Amino acid sequence: MSVPADFYLTLSAVMFTIGAVGLLVRRNVLVMFMCVELMLNAANLAFITFARELNDVGGQIAVFFVLVVAAAEVVVGLGIIVAIFRRRVGATADDVHVLKG
Amino acid sequence: MILASATGFAVPHIDYTAILPELILIGGSLVLLAAGALNVRHLPTRVYSLLSGATGVAALIAGIVLWQKVHGGGHPLTAVAHSLVIDGFSTAFVILSACIIIVSSAIADGYLRREGIAGPEFHALALLGASGAMLMAAANDFIVIFLGLEIMSIPLYVLAALDQRRAESGEAGMKYFVLGAFSSAIFVYGIALTYGATGSTNLAQIAGYLATNVSTSNGLLLAGAGLLLVGFLFKVAAVPFHMWTPDVYQGAPTPATGFMAAIAKVGGFAALLRVFFSSFHSLEASWQPILWVVAVLTLVTGAVLGLVQRDVKRMLAYSSINHAGFILLGLQAASREGMSASLYYVFVYAFLVLGSFAVITVVGGRGDTSHAIESYRGLARRQPLLGFGFAVLLLAQAGAPFTTGFLGKLYVVEAAVRSHSYALAVIAMLTGAVAAAFYLRVVFVMYSLPAGEAAPAMALADGGALATGTEPAAAVAAPAGESRGGVLVAAPPEAPAGAATGAGGGLRLRAASLGIAPSTLAGIAVTVLFTLALGIWPAPLFSFVHAAGLLF
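Thresholds applied
Residues numbered from 1 in each chain as written. Chains lettered and ligands numbered in written order. Predicted model: local features only at pLDDT ≥ 70, side-chain atom pairs only at ≥ 80, totals over all residues. Heavy atoms only, no water. Axes fitted to C-alpha atoms, helices over the stretch in contact; angles between N-to-C directions. Helix = DSSP H or I, 4+ residues; strand = E, 2+ residues; numbered from the N terminus. Parallel < 35°, antiparallel > 145°, perpendicular 65-115°, else oblique. Left-handed = near helix turned anticlockwise from the far one by under 90°. Contact = heavy atoms within 4.5 Å. Buried area = accessible area lost by both parts, 1.4 Å probe. Salt bridge = Lys/Arg side-chain N within 4 Å of Asp/Glu carboxyl O. Polar contact = N/O pair within 3.5 Å; in protein donor to acceptor, adjacent residues only side chain to side chain. Expected span 1.5 Å × (residues − 1). Buried < 20%, exposed > 50% of the residue type's maximum accessible area, 1.4 Å probe, protein only. Patch = residues over 30% accessible without salt bridge, like charges linked within 9 Å, V, L, I, M, F, W, Y side chains within 5 Å. Areas by Shrake-Rupley, 256 points an atom, 1.4 Å probe, with all protein chains shown as cover. Phe/Tyr/Trp six-rings, centres within 6.5 Å; stacked < 30°, edge-to-face > 60°. Lys NZ or Arg CZ within 6 Å of the ring centre and 35° of its normal.

Novice: Explain the packing of helix 14 (residues 336-364) of chain B against helix 23 (residues 539-548) of chain B to me, please; I cannot follow it from the model alone.
Specialist: Each pair of packed helices gets described by two things: the angle between the helix axes and the distance between those axes. Residue and element names in this part refer to chain B. Running from N to C, helix 14 and helix 23 cross one another at 125°; their axes reach a closest spacing of 9 Å. Viewed along their axes, helix 14 and helix 23 adopt a mutual orientation that is oblique. Crossing handedness for the pair helix 14 and helix 23: right-handed. Facing R336, S340, L343, Y344, F347 and V348 of helix 14, the residues of helix 23 in contact are L541, F542, F544, V545, H546 and A548.

As structure tokens, then:
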């Protein structure tokens with residue numbers, strides 16, 4: 001009836017590996033972020049599987065912490081990318097502030 | 001289903017005094033941000049720096065109070081449902097982080113004003129980062145270590161990318177972020193596997209589980225511990241996880257580099273030491289050989305690649321990798337002495353690296369760009385005090401006697417020898433000698449070459465014009481006064497305040513004429529005094545660190 005824990009753990013390991021390899025081989029920063037998310041969610045899946053196996057609520061709580069941190073991380077990461085992108089566009093983006101007040 | 005079965009859930013009692021230093025730093029950061037937002041950047045930078053420094057002093061006082069509380073009885077206390085432990089170890093790191101904030105605020109103040117960077121961002125981020133490092137040191141649960149790691153790292157990513165005018169800064173921030181997020185994900189997966197193997201994320205419970213259950217096939221646990229180690233080694237820049245270090249150190253704004261180098265090593269090594277000395281102590285036979293290899297690679301890579309660098313920031317990045325190897329020596333020893341030695345080294349290194357990058361900030365000049373070794377040509381002749389300070393800091397990093405750097409290296413090598421890692425001790429000393437070559441090269445460039453010849457390439461043109469016959473006399477008198485004052489204010493808590501007033505006041509006239517902020521000079525003076533005074537009179541710091549080395 002229920003799926004064995006090994007299946008979840010294997011899926012988690014596969015997700016983690018895809019994320020890790022993807023981060024190392026892909027060159028698009030946004031895709032690299034997605035790979036990090038994949039790795040974090042692989043860890044979340046492992047946490048939940050173990051929590052079910054151990055009948056312990058701690059693993060489920062950990063997932064919430066990881067989710068929150070992942071969200072915070074992406075916010076900062078995207079902010080840094082936007083900052084770089086604005087610089088790349090160069091003078092045009094920098095010059096628009098002359099019209100203020 | 002499981003949530004429903006977890007009955008009897010009790011709201012934990014939160015002992016706010018136990019987490020007061022962290023709360024002070026986070027509160028200070030929020031106050032800074034609010035002040036910046038409400039005043040639309042009309043507040044002068046000096047106000048933000050003072051607020052940041054005052055927050056650091058408050059955290060330092062709270063840390064000292066905590067130290068008194070846990071040190072006397074020698075019995076640690078746990079807080080917030082046993083997820084934090086307040087013992088000598090964690091309070092020592094609280095005190096160190098607070099000192100880093102105070103010194104770093106002073107150093108950054110001069111930089112921010114020189115570059116005309118308005119707003120509280122630098123200080124607010126630094127305060128948050130330091131609170132994360134404190135949390136890592138006090139964590140008694142892997143989830144809290146992870147939270148501390150992220151609270152420390154995320155502000156550091158932003159600090160690296162803070163200088164919008166240089167493309168390198170943004171690039172440094174992005175590289176640091178991508179590799180940092182990668183290491184965090186590896187770390188979380190390590191926590192998950194360790195949780196699966198031991199049934200808990202609490203460090204004490206894991207230690208208890210491992211002490212009572214002797215598992216014959218603990219592949220899951222070893223994989224988890226391995227991934228955790230990888231996550232930590234990324235943060236402390238150990239080979240083979242050091243790739244980000246040179247780029248990030250070079251690209252980040254220089255005061256941010258100094259702060260990052262100090263606080264990341266502090267937080268990373270605090271958690272690494274606690275986890276591997278307490279929770280995974282029984283797995284010693286498994287992790288000692290791995291750390292042996294990592295330490296050798298780290299020592300050799302840092303020293304050898306440091307030799308070929310032409311950029312001083314990049315050179316110090318490799319030097320920091322070499323230092324990380326020395327600190328790993330104490331961990332590899334897996335003994336009480338090793339613990340104290342690593343702790344001592346972290347304390348010493350934090351001040352050395354802060355001071356070194358403060359000097360680089362000054363020499364970098366407006367725009368933060370002149371970091372080639374050529375920029376240091378004749379520095380000691382143009383600015384004898386600055387040159388003397390940098391020489392002391394570099395010689396201490398090289399391990400010259402009568403400095404804290406020498407004692408740090410001595411203690412870690414002694415710990416390695418006592419645990420019979422003779423080969424490792426010899427390799428460490430050899431790499432120390434190799435690394436001394438590149439420190440001495442900078443000292444040589446600063447002192448032996450005439451200032452006049454390279455005048456067009458100089459970063460501090462106004463300094464060169466002021467060089468007159470009276471300067472050498474002032475330079476001889478001032479260091480003597482400094483070191484005498486240093487012995488008087490040698491106790492770490494008083495040192496920043498004492499030197500900031502003493503040295504800062506004396507230097508103000510010269511500093512103003514050279515266009516260098518007195519606050520930055522005061523920060524450099526504190527680190528130099530710390531290095532010299534506690535190098536000549538090592539007893540206070542060593543007994544402090546020895547008491548702090550007692551884990552729960």
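Novice: Whenever I open this one, the interface of chain A and chain B confuses me. Can you help?
Specialist: When the parts of a complex come together, some accessible area is lost, and that lost area is often taken as the interface size. Each partner contributes residues to the interface: chain A has 39 residues there, and chain B has 37 residues. Carbon and sulfur atoms supply 82% of the area that chain A and chain B bury against each other, a total of about 3,200 Å² over both sides. Linking chain A with chain B are 0 salt bridges, by the criterion used here. Connecting chain A to chain B are 4 residue pairs in polar contact (both at pLDDT 80 or more). Counting only elements with at least two residues in the side of chain A that touches chain B, the list comes to helix 1 (5-25), helix 2 (29-54) and helix 3 (58-89) of chain A. Considering each element in turn, the side of chain A that touches chain B owes the most residues, 15 residues, to helix 3 of chain A.

Novice: Would you mind going over helix 6 (residues 142-160) of chain B with me for this structure?
Specialist: Note that an α-helix has 3.6 residues per turn; residues three or four places apart therefore point the same way. All names here are of chain B. Taking 1.5 Å of rise per residue, the 19 residues of helix 6 would be expected to cover 27 Å, and the 26 Å separating its terminal C-alpha atoms lies within 8% of that figure. Summarising burial for helix 6: 17 of the 19 residues are buried, a large majority. Two or three places before I143, at the opening of helix 6, D141 has a side-chain oxygen 2.9 Å from that residue's backbone nitrogen.

Novice: How should the pattern of salt bridges be read in this particular structure?
Specialist: Two side chains carrying opposite charge are able to pair once their charged atoms lie near each other. Residues and elements named next belong to chain B. According to the stated counting rule, one finds 13 salt bridges over all chains in the structure shown. Measuring nitrogen to oxygen at the nearest pair gives 3.7 Å for the salt bridge that ties D163 to R165. Bridged by salt links that share partners, the residues R114, E115, D163, R165, R166 and D368 form one connected network.

Novice: What am I meant to see in a nonpolar patch on the surface here?
Specialist: Residue and element names in this part refer to chain B. Among the surface-exposed residues, V300, V304, L305, L307, V308 and V434 lie close enough to one another that they form a single nonpolar patch of about 420 Å² accessible area. Among the elements that line the nonpolar patch, the one with the most residues is helix 12 (residues 284-307), at 4 residues. Relative to the helices and strands, V434 resides in helix 18 (residues 422-448).

Novice: Help me understand the packing of aromatic side chains, please; the structure alone is not making it clear to me.
Specialist: The description of two aromatic rings rests on the distance between their centres and on the angle between their planes. Here the structure, examined in full by the defined rule, presents 25 aromatic pairs over all chains. Among the aromatic residues, ring-to-ring pairing joins F33(A), Y157(B), Y176(B), F177(B), W244(B), Y249(B) and F357(B) into one connected group. When the ring centre of F326(B) is taken as origin, the NZ or CZ atom of K409(B), which lies over that ring, is 4.6 Å away.

Novice: Help me understand helix 5 (residues 121-138) of chain B, please; the structure alone is not making it clear to me.
Specialist: In this model, helix 5 of chain B (18 residues) spans 26 Å end to end at C-alpha, consistent with the 26 Å of a helix rising 1.5 Å per residue. With 16 of 18 residues buried, helix 5 of chain B is to be regarded as a mostly interior element.

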